2 protein chains.
Amino acid sequence: MPLSEFELIQRFFSPTGCCREDVLLGVGDDCALLQIPSGENLAVSIDTLVEGVHFHPDVDPELLGHKALAVNLSDLAAMGAVPAWATLALTLPRSDSAWLASFMSGFFTLADRHQVQLVGGDTTRGPLTISVQVHGFVPPGKALTRHTARAGDRIGVTGTLGDAGLALQQMAAVKPTSRYLRERLERPLPRLETGLALRGLANAAIDISDGLLADLGHICRRSGVGARLELQRLPLSVEVAEHVKKSGEWSLPLTAGDDYELCFSVPPARCQQAEAALGSLDGGLTWIGLIEQEPGVRCFGQDGCRIETGTGGYQHFQSAD
Amino acid sequence: MPLSEFELIQRFFSPTGCCREDVLLGVGDDCALLQIPSGENLAVSIDTLVEGVHFHPDVDPELLGHKALAVNLSDLAAMGAVPAWATLALTLPRSDSAWLASFMSGFFTLADRHQVQLVGGDTTRGPLTISVQVHGFVPPGKALTRHTARAGDRIGVTGTLGDAGLALQQMAAVKPTSRYLRERLERPLPRLETGLALRGLANAAIDISDGLLADLGHICRRSGVGARLELQRLPLSVEVAEHVKKSGEWSLPLTAGDDYELCFSVPPARCQQAEAALGSLDGGLTWIGLIEQEPGVRCFGQDGCRIETGTGGYQHFQSAD
């Protein structure tokens, strides 16, 4: 039986879990109607995952549904926003009920965990492409932005770096990959609690989706500052630490994307508070360097010598312009 | 030279026109930060256009940029909302500066006309797919919804029906197509003023993107009512009227999509007011039928005889489930 868009909405996109009072009208009309809490600003972010670019065609759809939402919630985390609503623009090669049920199960499980309601979307036919927009709240003046780092700030990160990149490398080479590394690649957990805890403490923040060098580089460029990284301080899983040791190079933790950890800068006077606030949260806090006046991101080894690492970071377009 | 995502943003996505005061932080951070006017609700809608499905690969990118935003603004129009912000998730096979400049020119020209600011987006590599989300304001209780039509309401539409469908038919058959019809297909104008004027007058509204029968069907199903259409009253351009006469069938004005006119239901006591309010606006107002208790949409000819027209409407998925 062919499924109409109406039937798709009825069967797969009508939320069964989280039902928020601030959703005046959800999925199924021309627009969703939403109520922003008085005195809060709205934070929005949209991200796209494309088959063959961001994920393999044979990926478990449940993990894909999780990840499509997770990478967006990670942007709200990096802003210090509380998530509220999501919309989903789904382009599908065909109407496949089993695939869709599994995809939406992954999506809704993560959504429910963070009290996020799916309020609208569009389903079209075409090459598999998933765009999710998330909406969250943040009080005026409390958002964590990229352009507000200052020389003297300490640079902190959550979690460990390079795990997703190593998983991808191993899977591409059809090598055995540990459950831990696969989970890091396929089921990233947005650091929403960390983002909230950093409100009023961090000067600037970003999520590490394109690799530490690239994303810290965004903070530096937009803030008109630079950064100094101590490579020995980078938080690494046992597997990535081994890989760095064997290969003798740092590209995985520095330039591999898809980690969805947070990177942020905290003025010295508030570092202790940040340690206390983040110490008990998943992902914790590791100090990895300093914001400096001089533009650019510089990396230093254990001996204090500067190490050339290239510019790095995932680039979406490598073809000639 | 390859273009990084950062350079793409700098060159193509930084708005040059409309700069709204309620945009606290626009393109370039993890999220946009937005301020909703006190006492207003937020209306959001997301729509996707896919190459080969919604447009031909050789379409003029300037027209495509216009249309990608227009079809979304049409959803705000159908809700009676005032547009404010847009986000753009653009999946591109390659970084083509000329194409992008032209696409964004079409997008920004329409955006500026309605004081809409582009506040965020994502650019990814892959098959050409365009998702736009629009955000608008509507006072509490004033939105035009689909589930609120009542038996006895008169059914009104704006503009003329079937023009885009006829243009598509002619272009597919490589027949000469008038400038008027092409414009109707390629440069639809969202009926935003009509939507605003219908606040407090219409019981229900929808935009006609999938064809009159399908979209009026949505209103009926969600409102638990039915509808009676007088085919002789359908507003037709000279070209569509000729086509209906020659072919002896009504599929173009009834089931061809892509018109982006509004269809709405108005209680008898407010019909005169609606005529006065819409009479001077682009698209005007034509009464085409009545909302009735009995479910389903029924069509009647000049002689009062019922005409079978099929269920109609553009279906996104025709493949077996």
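Thresholds applied
Residues numbered from 1 in each chain as written. Chains lettered and ligands numbered in written order. Predicted model: local features only at pLDDT ≥ 70, side-chain atom pairs only at ≥ 80, totals over all residues. Heavy atoms only, no water. Helix = DSSP H or I, 4+ residues; strand = E, 2+ residues; numbered from the N terminus. Rg over C-alpha atoms; globule rule 2.2 N^0.38 Å. Buried < 20%, exposed > 50% of the residue type's maximum accessible area, 1.4 Å probe, protein only. Contact = heavy atoms within 4.5 Å. Areas by Shrake-Rupley, 256 points an atom, 1.4 Å probe, with all protein chains shown as cover. Lys, Arg positive; Asp, Glu negative; His and termini not counted. Charge placed at Lys NZ, Arg CZ, Asp CG, Glu CD. Pairing = 2+ DSSP bridges. Right-handed = clockwise from strand over helix to strand, strands pointing away. Arc of directions from axis to C-beta. Buried area = accessible area lost by both parts, 1.4 Å probe. Salt bridge = Lys/Arg side-chain N within 4 Å of Asp/Glu carboxyl O. Polar contact = N/O pair within 3.5 Å; in protein donor to acceptor, adjacent residues only side chain to side chain. 1 Å grid on protein atoms, 1.4 Å probe; cavity = no way out; pocket = protein on both sides within 12 Å on 5 of 7 lines; lining within 4 Å. Points joined across faces, edges and corners; volume = space filled by probe spheres on them. Nonpolar A, V, L, I, M, F, W, Y, C, P; charged D, E, K, R; others polar. pLDDT = per-residue confidence, 0-100. Least-squares fit on C-alpha atoms with pLDDT ≥ 70 in both. Axes fitted to C-alpha atoms, helices over the stretch in contact; angles between N-to-C directions. Parallel < 35°, antiparallel > 145°, perpendicular 65-115°, else oblique. Core = buried A, V, L, I, M, F, W, Y, C linked by side-chain atoms within 4.5 Å.

Moving on: the overall build of chain A. Regarding its fold elements, chain A presents 10 helices and 13 strands. Since a compact globule built from 321 residues should have a radius of gyration of about 20 Å, the 20 Å found for chain A is in line with a globular shape. Taking the principal axes of its C-alpha atoms as reference, chain A extends roughly 65 × 50 × 45 Å. Across the 321 residues of chain A, 59% fall into the buried class. Taking the intrachain contacts of chain A between residues at least 6 apart in sequence as the baseline, contacts between residues at least 24 apart amount to 83%. Accessible surface, chain A as shown: approximately 12600 Å² in total, 50% of it carbon and sulfur. Computed over 26 positive and 38 negative side-chain charges, the inter-centroid distance for chain A is 6 Å.

Here we come to the pairing of strand β4 (residues 82-92) of chain B. Residues and elements named next belong to chain B. Most of β4 is tucked away: 10 of the 11 residues are buried. Of the pairings in the sheet, the one linking β4 to strand β5 (residues 117-125) comprises 8 bridges and is parallel in character. Counted as the bridge partner of Trp85 is Gln117 from β5. The β-α-β motif built from β4, the intervening helix α3 (residues 97-113) and the parallel element β5 has right-handed crossover chirality.

What follows is about helix α10 (residues 271-279) of chain A. Every α-helix winds through 3.6 residues per turn, so residues three or four apart in the chain are directed the same way. Residue and element names in this part refer to chain A. Burial in α10 covers these residues: Cys271, Ala274 and Leu278. Here the buried residues of α10 occupy an arc of 55° about the axis, which is enough to place them on one side. Among the exposed residues of α10, those oriented more than 90 degrees off its buried face are Gln272, Ala276 and Gly279. Buried residues in α10 make contact with β7 (154-157), α6 (192-198), β10 (261-266) and β11 (286-292).

Listed by partner, the interface residues are 74 residues for chain B and 74 residues for chain A. Buried surface at the junction of chain B and chain A, both sides included, amounts to about 6000 Å², of which 56% is carbon and sulfur. Counting every contact that joins chain B to chain A gives 4 salt bridges. With its nearest N and O atoms 3.0 Å apart, the salt bridge here joins Asp30 of chain A to Arg146 of chain B. The interface formed by chain B and chain A contains 18 residue pairs in polar contact (both at pLDDT 80 or more). Summarising the sheet, strand β2 (residues 32-34) of chain A and strand β3 (residues 41-50) of chain B pair through 3 bridges and their orientation is antiparallel. Counted as the bridge partner of Leu33 of chain A is Ala43 of chain B from β3 of chain B.

Let us now look at helix α4 (residues 163-172) of chain B. All of the buried residues in α4 of chain B are Asp163, Ala164, Gly165, Leu166, Ala167 and Gln170 of chain B. Following α4 of chain B by one or two positions, Val174 of chain B adopts a phi angle in the positive range, close to 50°.

A separate point is empty space enclosed by the protein. Gaps between atoms show up when a probe of the same size as a water molecule is rolled over them. Within this structure, the stated rule accounts for 1 cavity of 30 Å³ or more. Residue lining of the largest cavity: Thr48, Ala89, Thr91, Thr129, Ile130 and Ser131 of chain A together with Thr48, Ala89, Thr91, Thr129 and Ser131 of chain B, and that is the complete set. For the lining of the largest cavity, the elements supplying multiple residues, two or more each, are β4 (82-92) and β6 (129-138) of chain A together with β4 and β6 (129-138) of chain B. A per-element tally of the lining of the largest cavity places β6 of chain A first, with 3 residues. Counted by class, the lining of the largest cavity contains 3 nonpolar, 8 polar and no charged residues.

The subject of this paragraph is the confidence of the model for chain A. Close inspection of predicted coordinates is inappropriate in any region flagged by low pLDDT. Residue and element names in this part refer to chain A. Looking at chain A, the pLDDT average stands at 91 and 93% of residues meet or exceed 70. Across residues 312-321 the pLDDT falls below 50, and counting only partners more than four positions away or on other chains, this stretch makes 39 contacts in the model. Predicted complex, confidence summary: ipTM 0.90, pTM 0.91.

Turning our attention to the sheet that holds strand β13 (residues 306-307) of chain B. Residue and element names in this part refer to chain B. Taken together, 7 strands build an open sheet; the order of strands is β8-β10-β7-β11-β9-β12-β13 and the sheet is mixed. With partners counted over all chains shown, the strands left at the sheet margins are β8 (204-208) and β13, one partner each. Pairing of strand β9 (residues 226-230) with strand β12 (residues 296-300) involves 5 bridges; the strand directions are parallel. Residue pairing across strands places Ala227 opposite Val297, the latter belonging to β12.

Our next topic: the relation of the copies chain B and chain A. Placing chain B over chain A gives an RMSD of 0.0 Å and needs a rotation angle of 180°, together with 0.0 Å of translation along the axis. Taken together, the rotation and translation relating the two chain copies correspond to the operation of a two-fold axis. A symmetric contact is evident, with 100% of the interface residues of chain B recurring at the interface of chain A.

The next point concerns the pattern of salt bridges. Summed over the entire model, instances satisfying the criterion amount to 28 salt bridges over all chains. The shortest N-O distance in the salt bridge between Arg20 of chain B and Asp22 of chain B comes to 2.8 Å. A network of salt bridges, in which partner residues are shared, links Asp163, Arg184, Arg191 and Glu261 of chain A.

Here we take up the side chain of Gln117 of chain B. Residue and element names in this part refer to chain B. Its location among the elements puts Gln117 in strand β5. Assessed through its relative accessible area of 7%, Gln117 is described here as buried. Of the polar contacts made by the side chain of Gln117, one reaches the backbone nitrogen of Arg20; its length is 2.5 Å.

Another aspect to go through is unusual backbone geometry. Residue Gln115 of chain A is not a glycine yet carries a positive backbone phi of 55°. Within the secondary structure, Gln115 of chain A sits in the loop between α3 (97-113) and β5 (117-125).

The next subject is the packing of α4 of chain B against helix α8 (residues 238-247) of chain B. All names here are of chain B. Axis separation between α4 and α8 bottoms out at 9 Å; the angle between their running directions is 70°. By the angle between their axes, α4 is roughly perpendicular relative to α8. Across from Asp163, Leu166 and Gln169 in α4, the residues of α8 making contact are Glu239, Val240 and His243. When the residues that make up the contact of α4 with α8 are grouped by side-chain class, the tally is 2 nonpolar, 2 polar and 2 charged.

Moving on, we come to the sheet that holds strand β2 (residues 32-34) of chain B. Spatial ordering of the open sheet is given by β5(A)-β4(A)-β6(A)-β3(A)-β2(B)-β1(B), a layout of 6 strands whose pairing is mixed. At either margin of the open sheet sits one strand with a lone partner, and together these are β5 of chain A together with β1 (23-25) of chain B. When the angles between neighbouring strand axes are averaged without regard to direction, this sheet yields 20°. Where β1 of chain B meets β2 of chain B, 2 bridges bridge the pair, whose relative direction is antiparallel. Counted as the bridge partner of Leu25 of chain B is Leu33 of chain B from β2 of chain B. Here helix α2 (residues 61-79) of chain A sits on the sheet in contact with β3 (41-50), β4 and β6 of chain A together with β1 and β2 of chain B, set at roughly 35° to β6 of chain A. Along the sheet, α3 of chain A makes contact with β4, β5 and β6 of chain A, crossing β4 of chain A at roughly 165°.

To continue, consider the nonpolar core. Of all hydrophobic cores here, the largest spans 56 residues; its most connected members are Met104 and Ile130 of chain B. When residues of this core are assigned to their parent elements, the largest contribution, 10 residues, is made by helix α2 (residues 61-79) of chain B. Ignoring sequence-local partners within four residues, the contact set of Met104 of chain B consists of Phe12, Phe13, Leu88 and Leu118 of chain B. Counting 55 residues, the second largest nonpolar core, distinct from the first, contains Ile130, Val134 and Phe264 of chain A together with Leu25 of chain B.

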